[in-house]
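# What the coordinates show
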Amino acid sequence: MPQVDGGDRCLGRKIYMYTLPSRYNTNLLRNCEFGVVQWLNFCPHAANGGLGQSHDNVPAEMSIGEGWYSTDAYMLEVIFHSRMRQYSCLTTDTSMADAFFVPYYTGLDALYYLYPEGNLTNRLYSGNRSKQHGQDLIAWLEENARDLWKRHGGKDHFMVMGRTSWDFIKNGDGRGWGTGISYLPHISNMSTLLIEKRPWVENEQAVPYPTAFHPTSQQLQNWISKIKTSKRTYLLAYAGGIRPTMQDTSFRNRLLKQCLNSSSCITVDCGKLKCSHNPKPITNAFLQSNFCLQPRGDTPTRRSAFDAMIAGCIPVFFHEDSAYTQYTWHLPEDPHNYSVYISEDDVKPEGMRVEDLLRLYSKNKIVQLRDSIAQLIPRLLYSNRQFVTESGENPNPDAFDISILGILKKIGKLKLKISDE
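Everything in this summary refers to the structure shown in the same document. Here the residue numbers are simple positions, counted from 1 along each chain's written sequence. Two thresholds apply to this predicted model, a pLDDT of at least 70 for residue-level local features and 80 or more for giving and counting side-chain atom pairs, whereas whole-chain, interface and lining totals are computed over all residues. Only heavy atoms go into the side-chain values, all of them from the structure, while hydrogens and water stay out.

Paired strands, in this sense, are two strands between which DSSP finds at least two bridges. By the criteria applied, helices consist of DSSP H or I runs no shorter than four residues and strands consist of E runs no shorter than two, each listed in order from the N terminus. One open sheet holds the five strands; their spatial order is β1-β2-β3-β4-β5, and the pairing between them is parallel. Lying at the two open borders of the sheet, with one neighbouring strand each, are β1 (15–17) and β5 (204–206). Each strand axis lies, on average, 30° off the axis of its neighbour in the sheet, ignoring direction. Judged from the five bridges that link them, strand β3 (residues 157–164) and strand β4 (residues 191–196) form a sheet pairing that is parallel. Between N-to-C directions, angles span 0 to 180 degrees; the directions come from axes that are lines fitted to C-alpha atoms, helices contributing only their stretch in contact.

As a further point, take the pairing of strand β9 (residues 314–317). The two faces of β9 match: I314 and V316 on one face and P315 and F317 on the other face are all buried. As defined by bridge partners, strand β8 (residues 289–294) adjoins β9 across four bridges and the pair is classed as parallel. Among the inter-strand pairings, C292 is bridged to a residue of β9, identified as P315. By definition, the crossover connecting two strands over a helix is right-handed if that path, from the first strand to the second, turns clockwise as seen with the strands pointing away from the viewer. Traced from β8 through helix α12 (residues 304–310) to β9, the parallel crossover comes out right-handed. We call a residue buried when its accessible area falls under 20% of the maximum for its residue type, exposed when it is over 50%, and partly exposed in between, using a 1.4 Å probe and counting protein chains only.

On to unusual backbone geometry. In this structure, N48 is a non-glycine residue whose phi angle is positive, near 55°. Relative to the helices and strands, N48 is located in the loop between α2 (43–46) and α3 (76–86).

Glancing now at the packing of aromatic side chains. Aromatic pairing here means that ring centres of Phe, Tyr or Trp (its six-membered ring) are within 6.5 Å. Orientation follows from the plane angle: under 30 degrees is stacked, over 60 is edge-to-face, and everything else is tilted. Counting across every chain of the model gives 19 aromatic pairs. Ring geometry for W68 versus F213: centroids 4.5 Å apart, planes at 25°, classification stacked. One end of the pair, W68, is in the loop between α2 and α3; the other, F213, is in the loop between β5 and α8 (217–229), with 145 residues separating them in the sequence. Relative accessible area serves as the criterion here: at 0%, F213 is assigned to the buried category.

Let us look at the state of the cysteines. The disulfide definition used here is simple: a pair of cysteine sulfur atoms within 2.5 Å. Tallied over the entire structure, the rule returns four disulfides. Sulfur-sulfur distance for the disulfide between C32 and C43 comes to 1.9 Å. Between C32 and C43, the disulfide has an S-S torsion of 95° and is therefore right-handed. In this pair, C32 sits in the loop between α1 (26–30) and α2 while C43 sits in helix α2, placing the two residues 11 residues apart along the sequence. The exposure class of C32 is buried, given its relative accessible area of 7%.

Here is the structure:
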């Protein structure tokens, strides 16, 4: 584990990472093969520090290039923990720490509570009611870190939750989906990083979905050159599955029908192809398209938005909470620099087609948007290792680096606010 050298390089950047009992993180990975949920084997996705199995040695017909993995978006906690172990400004001196990281695999542990029927005989510890999620961790913090917590009431602590916020806000009556961990006092005092936040909740911050691309520095440069020269024969693309129970009313299916009826649109049925673990079909489709449709699904955000941008495909959003209110640390403040926004109300069953609206964009504007996206790509990726200069600075900060910088700034402001009170 790297340690700080005391120089100015780590000024304001020192993080103390708790050494939690393994039941809160690594033991969950040891039980990855049907041990957490009896019908789920996530061992392949936990490999390589949460990046999943590499695609570098797959058959040529399955290959996109180097740097691709079978990455599951819900491995965010594992990826962050792995990268935090490499963080160059870790400190073991709590008095010197600017922030405290709690490496709890919240989303993986939540599987016990989200799917209790799938793990009745394989519990690591007793209890399966959703309101119990996180109670054991809080007891551990009370016993082992009470003095550290008291300094700022936990405001200088942060953790990663590798799911959307909606999976952690179940009401106290016990009805509905999710667990209630976000309502626990200790958790609500900490800052949390998620793949989707509630925009109105101050202590939550959304960070990019992990995609399948985790390149080295050279692989990244080669890829950016590829997306700029890729021949795009389609105007737009749609990737997603048809939802049988919502076929007549869902906005997503309305867009899908428009796409299926157009020779200018390419579709990818992720319900059949399992796009999240097989990056080639969706990436190839996005490489051939100028615009990629990103409607809301069960929640406002989609991993597909990041898959699209990595392929140089301009995302088309239909709701502000799909990106603009979410990834404020990683995406430009002006969404017109990298995306297209069309209100859902503008796409009526008998009204204007999305295709007609997108044809209003000139070739020069499309190139301009793609060039802007190409510059963003490093900020949206979780690299497979940390690339730093001799000074310890990363010349091309990735999604992890941007997230850590953001959380340190956020915690610094919270501590100043507390000291002024």
